[in-house]
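Summary of the model geometry
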Amino acid sequence: MKHLTRTVAFLIAATCSACSSGGDAEQRTEPTANDDWQLVDRAYPFQGSSGETVCAEYRRSEGEAHFIDREYYHLDVINAGLAGDGSLQPSVLEGLKLRGIERVSSCDDARAFIKLKNELAEAGGPADVPAPIDAGSAPAASAPPSAQQFVDKVAEGQSSSIGAVVRVRPWDAGAQGFGTCTGVIIGPRVLLTAAHCFFAGGSWNVEVDHGLNTACVSQSGSTCPAVPNIPPHAQVTRFPGFGGEGDSAHDLAVVVNNADWLEGDRMVITASAPGAGMSFWIDGYGYHADTGQGLGVHALSLKSQGIGSSFTGYWRSSVQKGFGRPCRGDSGGPAINTSVFAGGLDNRLVIGLAQNMSSDNINCPAPGDYFRYTRIEDKLSFIEGVIGPCTHNSHAGWSFRVCY
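Analysis parameters
- Residues numbered from 1 in each chain as written.
- Predicted model: local features only at pLDDT ≥ 70, side-chain atom pairs only at ≥ 80, totals over all residues.
- Heavy atoms only, no water.
- Phe/Tyr/Trp six-rings, centres within 6.5 Å; stacked < 30°, edge-to-face > 60°.
- Helix = DSSP H or I, 4+ residues; strand = E, 2+ residues; numbered from the N terminus.
- Buried < 20%, exposed > 50% of the residue type's maximum accessible area, 1.4 Å probe, protein only.
- Lys NZ or Arg CZ within 6 Å of the ring centre and 35° of its normal.
- Core = buried A, V, L, I, M, F, W, Y, C linked by side-chain atoms within 4.5 Å.
- Contact = heavy atoms within 4.5 Å.
- Axes fitted to C-alpha atoms, helices over the stretch in contact; angles between N-to-C directions.
- Parallel < 35°, antiparallel > 145°, perpendicular 65-115°, else oblique.
- Left-handed = near helix turned anticlockwise from the far one by under 90°.
- Nonpolar A, V, L, I, M, F, W, Y, C, P; charged D, E, K, R; others polar.
- Salt bridge = Lys/Arg side-chain N within 4 Å of Asp/Glu carboxyl O.
- Arc of directions from axis to C-beta.
- pLDDT = per-residue confidence, 0-100.
- Disulfide = S-S within 2.5 Å.
- Expected span 1.5 Å × (residues − 1).

**What about the packing of aromatic side chains?**
Applying the stated rule across the entire model yields nine aromatic pairs. Seen from their ring centres, F280 and W315 are 5.1 Å apart, and the 65° between their planes marks the pair as edge-to-face. Of this pair, F280 sits in strand β16 (residues 279-284) while W315 is found in strand β20 (residues 314-318), placing the two residues 35 residues apart along the sequence. Neither F280 nor W315 differs from the other in exposure class; each is buried. If you follow R316 out to its NZ or CZ, it ends over the ring of Y370, 4.0 Å from the centre.

And the structure:
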């Protein structure tokens, strides 16, 4: 199991043999998509500032910019859930215990827990519904690539100009590098992204921009500096119960800046539950191919994807050739509904946030795999508890919240 932006490649043991004591050696491989990845911390595991168990850390350079990839788990949260003090469904908890997973004490344990938890939650669910073809009307675009190409994360995609979708770059002071995620601005000082983009909640230095070679918010100059030149300025609040990498049901964070984020578009968030078959566009700044190109380039799918199966806290879609797929770096990016606001508030309704994928590929899920989106409508009370009440509204029988 791998989330979409800050995970490295590991040889994952998915059976109960991984559920051993913390003394077992970690199985791991360094990323192969980029030759300039370098392992910079070999402490497995080590504790984060909020108790998370951080499992690995790699550094990659692009010019003067340094990007950090980190895989981590909050073992206390996972163990509380296994003890029945959490949000695990009774059937899932029973299935985990039948397979011998009653407590985690190492990174391998946590990986096996997350993988099996998602498999149990999805077992017996409805079959994936084929994605609707060209549902909704995407913005005007240049001619798409050949149908034989399947390199873009947004297959047959186009450059995106949706201003409310931003690149999110958390600064890791300990590792002296930036991460890369995608986020969506829902208020002047408020954006939503994936919780796994931050190894802890609290005060962060977060740069937000519209991609490579564009001006950063809260920073001087036309490009993002290699090292932040201001103190931490944004408050990160992660959804309660988030257990770490692959926790599809809880992977959402609210990031509030001490000044306005970028001027321009804002998006509204769903208060109605999206269901199987609903179509959406994929938008983000992640890799365009598993070989590692395109990180930091803003792109929108030209053809819409469709929700396959819905589960508690998240929903998923299958990867199909010729349709959009989020890749690493798209974590926190929005699923943008294609039909509810058609003709009026196009490109404005967010129905989920990109979270993780089923593939063990380095950067992108392959055809036949699937990817997951964290639900928003069941987290509205949390979001409003952080930022204050949003305005209730509706359109075409669909409820949504306006937070600006």
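**Considering the nonpolar core**
Residues L192, V254, I269, I376 and I383 are the most contacted members of the largest nonpolar core, which totals 25 residues. Secondary structure elements with two or more residues in this core: β9 (181-187), β10 (190-193), β14 (253-257), β22 (349-357) and α4 (380-387). The residues contacting I269, other than those within four sequence positions of it, are I186, L192, L349, V350, I376, L380, I383, F400, R401 and C403. Core analysis: the next-biggest nonpolar cluster, separate from the first, contains 24 residues, A195, V217, A234 and F242 among them.

**Brief notes about the environment of Q293**
You can see Q293 is positioned in the loop between β16 and β17 (299-300). Here Q293 falls in the partly exposed class, since its relative accessible area comes to 45%. Distance from Q293 to N363, taken between C-alpha atoms, is 9.5 Å for residues 70 residues apart in sequence. Setting aside residues no more than four positions away along its own chain, Q293 makes contact with Y287 and H288.

**Looking at the packing of helix α2 (residues 90-98) against helix α3 (residues 107-122)**
Relative orientation of the contacting elements α2 and α3 amounts to 130°, with a least axis distance of 9 Å. Put simply, α2 runs oblique to α3. Handedness of the crossing formed by α2 with α3: right-handed. Across from V92, G95 and L96 in α2, the residues of α3 making contact are F113, L116, K117, L120 and A121. When the residues that make up the contact of α2 with α3 are grouped by side-chain class, the tally is six nonpolar, one polar and one charged.

**Here we look at the pattern of salt bridges**
It is possible for side chains of opposite charge to pair when their charged atoms get near one another. The full count for this structure, using the stated rule, is nine salt bridges. Notably, a salt bridge pairs R372 with E122, separated by 2.7 Å at the nearest N-O pair. Here R372 is found in strand β23 (residues 370-375), whereas its partner E122 is found in helix α3, with 250 residues between them in sequence. We note that R372, like E122, is buried. With a shortest N-O distance of 2.6 Å, E377 and R375 are connected by a salt bridge. Relative accessible area serves as the criterion here: at 15%, E377 is assigned to the buried category.

**Some thoughts on helix α1 (residues 75-82)**
Residues of α1 that are buried: L75, I78, N79, G81 and L82. The buried residues of α1 all sit within an arc of 155° when viewed along its axis, so they share a single face.

**Overview of the side chain of T193**
By the element assignment, T193 lies in strand β10. The contacts of T193, once residues within four sequence positions are left out, are C181, T182, G183, F198, D251, L252, A253, V255, S331, G332 and L353.

**Topic: unusual backbone geometry**
The backbone of A396 sits at a positive phi, close to 50°, despite the residue not being glycine. Residue placement: A396 occurs in the loop between β24 (391-395) and β25 (398-402).

**Thoughts on the confidence of the model for the chain**
Residues at a pLDDT of 70 or more form 73% of the chain, whose mean pLDDT is 76. Strand β2 (residues 38-41) is the least confidently modelled element of the chain, averaging 47 in pLDDT, while β10 averages 98, the highest of any element. Low confidence marks residues 5-37, where pLDDT is under 50. Its contacts with residues over four positions away, or in another chain, come to 98 contacts. Throughout residues 125-151 the model reports pLDDT below 50, and contacts reaching past four residues in sequence, or to other chains, amount to 62 contacts.

**Examining the state of the cysteines**
Under the defined criterion, the tally for this structure stands at three disulfides. Sulfur-sulfur distance for the disulfide between C181 and C197 comes to 2.0 Å. Across the S-S bond linking C181 and C197, the dihedral sits near -105°, which makes this disulfide left-handed. Here C181 is found in strand β9, whereas its partner C197 is found in the loop between β10 and β11 (202-204), with 16 residues between them in sequence. An identical accessibility class is assigned to C181 and C197; each is buried. Between the sulfur of C327 and that of C364 lies a disulfide, 2.0 Å long from S to S.

**Quick word on α3**
Under the 1.5 Å per step criterion, the end-to-end length of α3 is 23 Å for 16 residues, consistent within 8% with the ideal 22 Å. Where burial is concerned, most of α3 is hidden: 14 out of the 16 residues are buried.

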